[in-house]
Amino acid sequence: MRLGVLDVGSNTVHLLVVDAHHGAHPWPAHSEKVVLRLAEQIGPDGAITEVGADGLVRAVSMAKAAAAGLETDDLIAFATSAVRDATNAAAVLTRVREETGVRLEVLPGADEARMTFLAVRRWFGWSAGRLLVLDIGGGSLEIAAGIDEDPGVAISLPLGAGRLTRERLTAEPGGLTPPSGRAVEELREYVDGVLDPVVKEMTDVGWERAVATSKTFRTLARLAGAAPSGAGLWARRRLSRTGLRQVIGFIRHIPPAQLHELEGVSAGRAHQLLAGAIVAEAVMRRLDVDALDICPWALREGVILRRLDQLGPV
């Protein structure tokens, strides 16, 4: 069957269409995204602005039309932290449903961590043993660990790269000057403070293999010397803590407006790369992780796999 997954995130609205059936590898048939930066369309009152809601309706409508043109059998649509945290989420979801016919499901943070964990478990298999899975999104950091397909612990924290950039890494207008050293150190202290309550809980679970997913980790791994995307899906990619520290050492001195000039850094996310790197370093340091394997599957694939499990063999 052909499944479509519509992921409304903090940065993009991403449609992924795959050909799959129960027990088989889901093969991508089509992928397209709209850079909406919905999290930046949240006003001082915590509500998604009218401009943001208009953009979301347009993006969802376009994705629905694309999915229909590709003859998908089912379209699974969900939203993560930007909509989840908005004070007017219910009203925006109602508008999207009424104007596009698409019912967006808001994923709780812990469920986001569980779905991502499932994707990583299926990718690496049972031989990976106990897994630790880290995922840095635009609005939140997901951490999960366990031995089964459903993790023993699944946690979501407000440590997304976009959120921290907006709230805590001030820069000159236009991104022409890097954040100050003081701002970087204050961000490190803040991230450590948010991580404090979960470090012991995660450490008690234990793991044999530490894995990371998400665009942020893939970009950091590429800057640290991992294989480019052109090397293919199966190329092994890793990110060491030493390599990550070296990456932070040079990107913290580059103006945000110039970071996209680095190989492997997308223009749409370049401005939030430093915040993502600081979160990555902090969680690796606090959980005593020396290196992470990079998994190409993440939340969208987890949602697909869960839906295929629910459908069962045909």
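In what follows, the accompanying structure is described. (Residues numbered from 1 in each chain as written. Predicted model: local features only at pLDDT ≥ 70, side-chain atom pairs only at ≥ 80, totals over all residues. Heavy atoms only, no water.)

Describing the sheet that holds strand S10 (residues 238-240)
For step 1, the next point in the chain: Strand order in this open sheet of 6 strands is S8-S7-S6-S9-S11-S10, and the pairing throughout is mixed. Each edge of the open sheet is held by one strand with a lone partner, namely strand S8 (153-157) and S10. Going across the sheet, the axis of each strand differs from the next one's by a mean of 20°, ignoring polarity.
For step 2, the next point in the chain: As paired elements, strand S9 (residues 209-213) and strand S11 (residues 291-294) share 2 bridges and run parallel to each other. When the sheet's bridge partners are listed, Ala212 is paired in S11 with Ile294.
For step 3, the next point in the chain: Sitting on the sheet, helix H9 (residues 273-286) touches strand S6 (131-136), strand S7 (141-146), S10 and S11, and the angle it makes with S6 is about 160°. (Pairing = 2+ DSSP bridges. Helix = DSSP H or I, 4+ residues; strand = E, 2+ residues; numbered from the N terminus. Axes fitted to C-alpha atoms, helices over the stretch in contact; angles between N-to-C directions. Contact = heavy atoms within 4.5 Å.)

Some thoughts on the environment of Ala39
For step 1, the next point in the chain: By the secondary structure assignment, Ala39 is in the loop between strand S3 (27-35) and helix H1 (50-69).
For step 2, the next point in the chain: In sequence terms Ala39 and Asn11 are 28 residues apart; their C-alpha atoms lie 6.8 Å from each other.
For step 3, the next point in the chain: Setting aside residues up to four positions removed in sequence, Ala39 forms contacts with Ser10, Ala82 and Arg166.

Details of helix H3 (residues 89-100)
For step 1, the next point in the chain: The terminal C-alpha atoms of H3, which comprises 12 residues, lie 16 Å apart, in line with the 16 Å expected from a rise of 1.5 Å per residue.
For step 2, the next point in the chain: Residues of H3 that are buried in the fold lie against H1, helix H2 (81-84) and strand S5 (105-106).
For step 3, the next point in the chain: Directly beyond the C-terminal end of H3, a positive phi value near 80° is found at Gly101. (Expected span 1.5 Å × (residues − 1).)

A closer look at a nonpolar patch on the surface
For step 1, the next point in the chain: Taken together, the side chains of Trp27, Leu233 and Trp234 define a hydrophobic patch exposed on the protein surface, amounting to about 380 Å² of accessible area.
For step 2, the next point in the chain: Relative accessible area serves as the criterion here: at 38%, Leu233 is assigned to the partly exposed category. (Patch = residues over 30% accessible without salt bridge, like charges linked within 9 Å, V, L, I, M, F, W, Y side chains within 5 Å. Areas by Shrake-Rupley, 256 points an atom, 1.4 Å probe, with all protein chains shown as cover. Salt bridge = Lys/Arg side-chain N within 4 Å of Asp/Glu carboxyl O. Buried < 20%, exposed > 50% of the residue type's maximum accessible area, 1.4 Å probe, protein only.)

Here's the deal with the nonpolar core
What tends to happen in soluble globular proteins is that the nonpolar side chains get buried as a cluster.
For step 1, the next point in the chain: By size, the foremost hydrophobic cluster in this structure holds 52 residues, and its most contacted members are Leu132, Ile143, Leu157, Leu159, Leu195 and Phe217.
For step 2, the next point in the chain: At 10 residues, H9 tops the list of elements feeding residues into this core.
For step 3, the next point in the chain: For Ile143, the contacting residues outside a window of four places in its chain are Ala113, Leu132, Val133, Leu134, Val153, Ala154, Ile155, Leu157, Leu195, Met202 and Val283.
For step 4, the next point in the chain: Core analysis: the second largest hydrophobic core is formed by 28 residues, Ala53, Leu56, Val83 and Leu93 among them. (Core = buried A, V, L, I, M, F, W, Y, C linked by side-chain atoms within 4.5 Å.)

Digging into the packing of aromatic side chains
For step 1, the next point in the chain: Here the structure, examined in full by the defined rule, presents 2 aromatic pairs.
For step 2, the next point in the chain: Ring geometry for Trp123 against Trp234: centres 5.1 Å apart, planes inclined by 10°, an arrangement best described as stacked. Note that Trp123 is positioned in helix H4 (residues 109-124) and Trp234 in the loop between helix H7 (215-223) and S10, a separation of 111 residues in sequence.
For step 3, the next point in the chain: Consider the rings of Trp123 and Trp297, whose centres lie 5.2 Å apart with planes at 65°: the pair is edge-to-face. Of the two residues, Trp123 is situated in helix H4 and Trp297 in the loop between S11 and helix H10 (299-311); the sequence distance between them amounts to 174 residues. Judged on exposure class, the residue Trp123 and its partner Trp297 are both buried.
For step 4, the next point in the chain: Clustering of aromatic rings is evident, with ring pairs tying together Trp123, Trp234 and Trp297. (Phe/Tyr/Trp six-rings, centres within 6.5 Å; stacked < 30°, edge-to-face > 60°.)

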